[in-house]
Amino acid sequence: EVRVALMAERDGPAKPAPRILAVGSGKGGVGKSTLSTNLAVALARRGIKVGLVDADIYGPSQARLLGTEGTKALAHDKKLVPVATRWGVPVLSMGHLIEPGQAMAWRGPMAAGALTQLLEAHWEEAEVLVVDLPPGTGDVQLTMLQKFKPAGAVIVTTPQDLALIDATRAIELFTKGGVPIVGLVENMAGYVCPHCGEESDPFGHGGGETSARGLGIDFLGRIPLDIAIRRQSDAGEPPAAGDGPQAEAFAALAARVAD
Ligand code: ADP
């Protein structure tokens, strides 16, 4: 049982290494980073000590999503110190190490080295590390599986992405690496009208559940396409930290992941 495994060591020996919860997707733009941020914040609101690692080395976004843009990460004893946030979720991203807009034209081994630094930082206080992986199945993902094997992986898709082979490939990457799939999240599922709040389903309803069943994995829930999520995310205020329906949706997701 993945959920049991994720939380198993909470009452165990003093300061066990944080368990890694990887968040992956087959392709970019499906909201994987947004999901990672808000899942981390929602888990923290459940009283779990959560850290967030932005493993999207080439396209980091967690500094912005957690309102820490412009903050530089410091080092102590040759290890990076996670950047504190207002949401109780310490975070480390390339965005805390490089200047904004600086090109990251690195080869695979350098990116893997950067990932290692982010993961081998001072995460002593964290019980769970949510790791926002780059989309697809490249060097960073392989390093992750070989050096820092996740306790579980959450897969993010959109209704449009569900039928595509990309998500399946992401799932295969983890299962072949011996990482249990916690489940599938369908993001941008349904559209919340910014005027009246009514939710409609331009891409139909139930696709995520059907796909998850077909793939033999759990369905964790759907997050609607909601302009409030984009606005708050862009402003560095994770919607999961608020008290609107968006926060409820992420809280439900965190409950399914944690229980
Ligand atoms: P990825 O990490 O998969 O590339 P992002 O998390 O960067 O995707 O999301 C891409 C864009 O979509 C961002 O502008 C983000 O604010 C927006 N977005 C993500 N999820 C939602 C949602 N449920 N509702 C509205 N906008 C969203």
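Residues numbered from 1 in each chain as written. Predicted model: local features only at pLDDT ≥ 70, side-chain atom pairs only at ≥ 80, totals over all residues.

Section: the pairing of strand β1 (residues 19-24)
Right, so step 1: Most of β1 sits inside the fold, with 5 of its 6 residues counted as buried.
Right, so step 2: Note that β1 and strand β6 (residues 128-132) share 5 bridges and pair parallel. Opposite Leu21, over in β6, you have Val130 as the bridge partner.
Right, so step 3: Two strands pair when backbone bridges link them, and β1 and strand β7 (residues 152-157) are joined in this way by 4 bridges, in the parallel orientation. Counted as the bridge partner of Gly24 is Ile155 from β7. (Buried ≥ 20, exposed ≤ 12 C-beta atoms within 10 Å, placed from the backbone. Helix = DSSP H or I, 4+ residues; strand = E, 2+ residues; numbered from the N terminus. Pairing = 2+ DSSP bridges.)

Focus: the site of the ligand
Right, so step 1: With respect to spatial proximity, 17 residues lie near the ligand, and among them Gly31, Lys32, Ser33, Thr34 and Arg230 are the closest.
Right, so step 2: If you list the elements that add at least two residues to the shell around the ligand, you get α2 (32-45), β8 (181-192), β10 (219-225) and α9 (227-234).
Right, so step 3: Residues belonging to the shell around the ligand are distributed by class as follows: 5 nonpolar, 9 polar and 3 charged. (Near = placed C-beta within 6 Å. Nonpolar A, V, L, I, M, F, W, Y, C, P; charged D, E, K, R; others polar.)

Observations regarding the UniProt feature "binding site: ATP" (unreviewed entry) in the chain
Right, so step 1: The feature "binding site: ATP" (unreviewed entry), as annotated in UniProt, sits at Gly26, Lys27, Gly28, Gly29, Val30, Gly31, Lys32 and Ser33 in this numbering.
Right, so step 2: Of note, Lys27 is situated in the loop between β1 and α2.
Right, so step 3: Judged by the 16 C-beta atoms lying within 10 Å of it, Lys27 is partly exposed.
Right, so step 4: Looking at the element boundaries, Lys32 is found in helix α2.
Right, so step 5: The class of Lys32 is buried, set by 27 C-beta atoms lying within 10 Å.
Right, so step 6: Residues in contact with Lys32, not counting those within four places in the same chain, are Val23, Ser25, Asp132, Pro135 and Val156. (UniProt positions renumbered as here; feature names shortened; annotations may be inferred. Contact = placed C-beta atoms within 7 Å.)

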